[in-house]
Amino acid sequence: MRLESLLEEKRIVVCCGSGGVGKTTIAAALAIRAAASGRRTLVLTIDPARRLANALGVSVLGNEVRKIPPRKFAAAGIPLKGELHAMMLDTKRTFDDIVERFAPSEDIRDAILGNAIYQQLSDTLAGSREYMAMEKLYELHAEGGYDLIVLDTPPTKHALDFLDAPDRIMDFLGGGVVRLMVKPYLLAGRVGFKVFRRGASGVFSILEKVTGMEFLKDLSDFILSFEGLYDGFRQRARRVKALLGQEGTGFVLVTAPERLVLEEAIFFYEQLVAHKMRVDAVIVNKVHLAAGHRFRDSASRRRAQESEAALSPERIGRLAGRMAEALGDPAFRSTAEKLLRNLVQHQVLAGMDARNIEVLRGPLGDGVGFVEVPLLPIDVHDFEGLQLLNDHLFQAQAA
Amino acid sequence: MAASLLDMRLLLVTGKGGVGKTTVCASLALQAAKRGKRVLLVEVAPREHFTRLLGAPEGGHTEHPVAENVWALNLDPVLALEEYLQTQLHVRAVVRMIMGNPVFRRLVNVAPGWRDLITLGKVWHLERQQDPRTGRPKYDIFIVDAPATGQGLGFLRTPQAFVEAVRFGPAKTHSEWVRDLIEDPARTRLILVTLPEELPVNETIEMARALRERIRVPFEHVVVNAVAPKLFTDREAKELRALGEDRDRSSLLASALGDDARLEDLLGAADAAMSRRALHEHHLRRLRAHLGRPARGGAANQAAKTLIELPFIYRSSLSIDDLRGLGEILETGGKGPSGAT
């Protein structure tokens, strides 16, 4: 699917991929493009490193939606027909908000928020970042009135970490696991701890031996106080999962041309497909292009490089000599050598990227949009940079 | 004066995803081995990057040789947990009963922090092991490829978090032992790896602040990876700019080149290299300004940081010799003859 259509037709676009490939920046650029073209757009990032805040020039995004001032668009010369909002997710605060919102009573709310286990768990529990992102996504999708939400995801090695987060966390909170584990303790709370301790056996008493009794007691208190919230959590988790599988949700896989990163992308892609999630487009970011950008696609670039046999050191020496002679300036020879060597190095990088990218293209299904973005000579951390990135994202496709 | 990295027992290498932590770990390992040390490289499964980088067969959750005097361990936290329970419970059948319990396995899937703790715990355990014949430590130095930042600081905070969460019992004591190892300035150093780019540098500055304020793991070194070398002198840069606008000289050069290369490609590539270098210099200056401040308290975490620059290497995959070269630079802090400064 072409990126233009994606931004026009979808209600949710999920940007996923491994760390360090520029996912957050791409998400911000796509959101800017969608907003410019008239959609009321929200970009939601869950990266704890505040990258989007940097990229959008909003120093603190907090855990609330901020509207990006239209003057930022004007200053960068981008006509704005829609609106852009941004939010950086704070896992702990989202969790706290949900507890406050859905706890059946104030006592229970305070018991949860004050529980030592909850305080340790709420932002470190495996999958809780991803899960809270899903909760927030659902809430904003249902209540925010946005035409499009662009979601930047935490860097996970496995697409599953992200997709299964609702299940995994429900496994934990929903009681299946923990309630079975701590059931004797829950009962002990009612019939008396000492009675229970005498009867404690099996896995439990062993775990107690290793972790210490208090830990399990705190855990059982936590589970008990969470009882009234399970059903709501489970319902929302189910709806979020359904939402991700809908026609209106698109996935964009972002990657970079290094071999290991691309292998992760292929793995990621296959996992998404196996889970019946549609990957609509793949973006390869930070690609070294051959000088002159003469060839748009990696296959023709690679062929071109193979035919232009690389300049050997001897030929570089001879050519540099000819260049210095032509200018009548012997001192130019060393500069010329550097020029030639540098070109060869660039071509080596471009050829290497092109070969890596071809490996990625193989497994991609028909109809998956594919865009290569060159390594830019600037840092993308402001609107001008994001606009330049968009020029490449959308122009590359047009060619 | 920063302590020499290779004199440590434990190096924890961390940084944002994609900055080259694995390269730095492997280079340090080769350099330590060159100094006669026995090295164990530790990464956390399911990665298996060291063996690939060093061209050795995959070894999984067992210590296996990957280069002369270098071993690698692709630590599987679940297996490490099993080993830990074995040391605590002694009876294999009991451990198997726990590990095989479906409820326990599902708990293990979601419970936070324990993977980090058990990873560090395993390193702690190995750090105490000796060669029974010689009485020497089994390994002289442990180099851990720690999870990417975001989670990276959490990794370092886990032992203390456990000490606080578990009020007593063996797990608390063991967490304290692990914490004491990673916070020991005589044995441990944390190394932050970054790239000379906007966002990685921002994150490194943030992490350094968090380390100063909240985490007591000794930290003195920041490694800036893949720095574009300064190719052209300022005079040459000026000359090349002038050349682009000088039609006569340009056409002389173009005819000298003939079909071998196009002048505009040469100048374009030179321009790209120079803007890249300028960009990298800018970010190196930012890092220096933030991390180069002199000591306030004198403790390791307060002191000015040593910035080590590793040059960008124009190759599709790094060779062992490339890694050895980087290892030299890492040991000398970039001040040696092969330094990239």
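Residues numbered from 1 in each chain as written. Chains lettered and ligands numbered in written order. Predicted model: local features only at pLDDT ≥ 70, side-chain atom pairs only at ≥ 80, totals over all residues.

*Asks:* Help me understand the packing of helix α9 (residues 198–213) of chain B against helix α12 (residues 263–291) of chain B in this model?
*Replies:* Residues and elements named next belong to chain B. Where α9 contacts α12, the two axes come as close as 10 Å, and the packing angle between them is 5 degrees. Considered as vectors, α9 and α12 are oriented roughly parallel to each other. For the pair formed by α9 and α12, the contact residues are Glu198, Val201, Thr204, Ile205 and Ala208 on the first element and His283, Arg286, Leu287, His290 and Leu291 on the second. Residue classes in the contact of α9 with α12 are distributed as 5 nonpolar, 3 polar and 2 charged. (Axes fitted to C-alpha atoms, helices over the stretch in contact; angles between N-to-C directions. Helix = DSSP H or I, 4+ residues; strand = E, 2+ residues; numbered from the N terminus. Parallel < 35°, antiparallel > 145°, perpendicular 65-115°, else oblique. Contact = placed C-beta atoms within 7 Å. Nonpolar A, V, L, I, M, F, W, Y, C, P; charged D, E, K, R; others polar.)

*Asks:* Even after reading the chapter, I still don't get the pairing of strand β1 (residues 10–14) of chain B, so can you show me in this structure?
*Replies:* The side chains of a regular strand alternate, residue by residue, between the two faces of the sheet. All names here are of chain B. Within β1, 5 of the 5 residues are buried, leaving the element largely enclosed by the surrounding structure. Side chains Leu10, Leu12 and Thr14 project from β1 onto one buried face, and the interleaved Leu11 and Val13 project onto a second face that is buried too. Two strands pair when backbone bridges link them, and β1 and strand β6 (residues 188–194) are joined in this way by 5 bridges, in the parallel orientation. Across the sheet, valine 13 pairs through a bridge with isoleucine 191, a residue of β6. With 4 bridges connecting them, β1 and strand β5 (residues 141–145) associate as parallel partners. Considered in β5, the bridge of leucine 10 is made with phenylalanine 142. (Buried ≥ 20, exposed ≤ 12 C-beta atoms within 10 Å, placed from the backbone. Pairing = 2+ DSSP bridges.)

*Asks:* So what exactly am I meant to see when it comes to the confidence of the model for chain B here?
*Replies:* For any part of a model where pLDDT is low, the fine detail of the predicted coordinates should not be relied upon. All names here are of chain B. Scored by pLDDT, chain B has a mean of 85; 87% of the residues are at 70 or more. Note that residues 294–298 has pLDDT below 50 and, in this model, 6 contacts with residues that lie over four places away or in other chains. In this model residues 336–341 is a low-confidence stretch, pLDDT under 50, and it forms 17 contacts with partners more than four residues away in sequence or in other chains. Interface confidence for the predicted complex, given as ipTM, is 0.78, next to a pTM of 0.78. (pLDDT = per-residue confidence, 0-100.)

*Asks:* Would you take a moment to explain the nonpolar core for this structure?
*Replies:* Soluble globular proteins: nonpolar side chains tend toward being buried together. In terms of nonpolar packing, the biggest core is built from 82 residues, with A:Cys15, A:Ala31, A:Val150 and A:Leu253 touching the most fellow members. Residues within four places of A:Cys15 in sequence aside, it is in contact with A:Lys23, A:Ile26, A:Ala27, A:Val150, A:Leu151, A:Asp152, A:Thr153, A:Val252 and A:Val254. Counting 78 residues, the second-largest nonpolar core is a separate cluster that includes B:Leu6, B:Leu40, B:Leu181 and B:Leu192. (Core = buried A, V, L, I, M, F, W, Y, C linked by C-beta atoms within 7 Å.)

*Asks:* In this structure, what is going on with the sheet that holds strand β2 (residues 40–45) of chain A? I would like to understand it.
*Replies:* Sheets are built from strands paired through backbone hydrogen bonds, the pairs being either parallel or antiparallel. All names here are of chain A. Strand order in the open sheet formed by 8 strands is β3-β4-β2-β5-β1-β6-β7-β8, with mixed pairing between adjacent strands. Of all the strands in the sheet, just β3 (66–67) and β8 (369–374) have a single pairing partner and so form its edges. Bridge analysis of β3 against strand β4 (residues 83–88) gives 2 bridges, and the strand direction is antiparallel. Across the sheet, arginine 66 pairs through a bridge with alanine 86, a residue of β4.

*Asks:* Help me out: how do you make sense of helix α5 (residues 91–102) of chain A in this one?
*Replies:* Helical periodicity: at 3.6 residues per turn, an α-helix aligns residues three or four positions apart in one direction. Residues and elements named next belong to chain A. Under the 1.5 Å per step criterion, the end-to-end length of α5 is 16 Å for 12 residues, consistent within 8% with the ideal 16 Å. Those residues of α5 that fall on the buried side of the exposure criterion are Thr91, Thr94, Phe95 and Val99. One side of α5 holds all its buried residues, which, seen down the axis, span an arc of 140 degrees. Exposed residues pointing more than 90 degrees away from the buried face of α5 are listed as Glu100 and Arg101. (Expected span 1.5 Å × (residues − 1). Arc of directions from axis to C-beta.)

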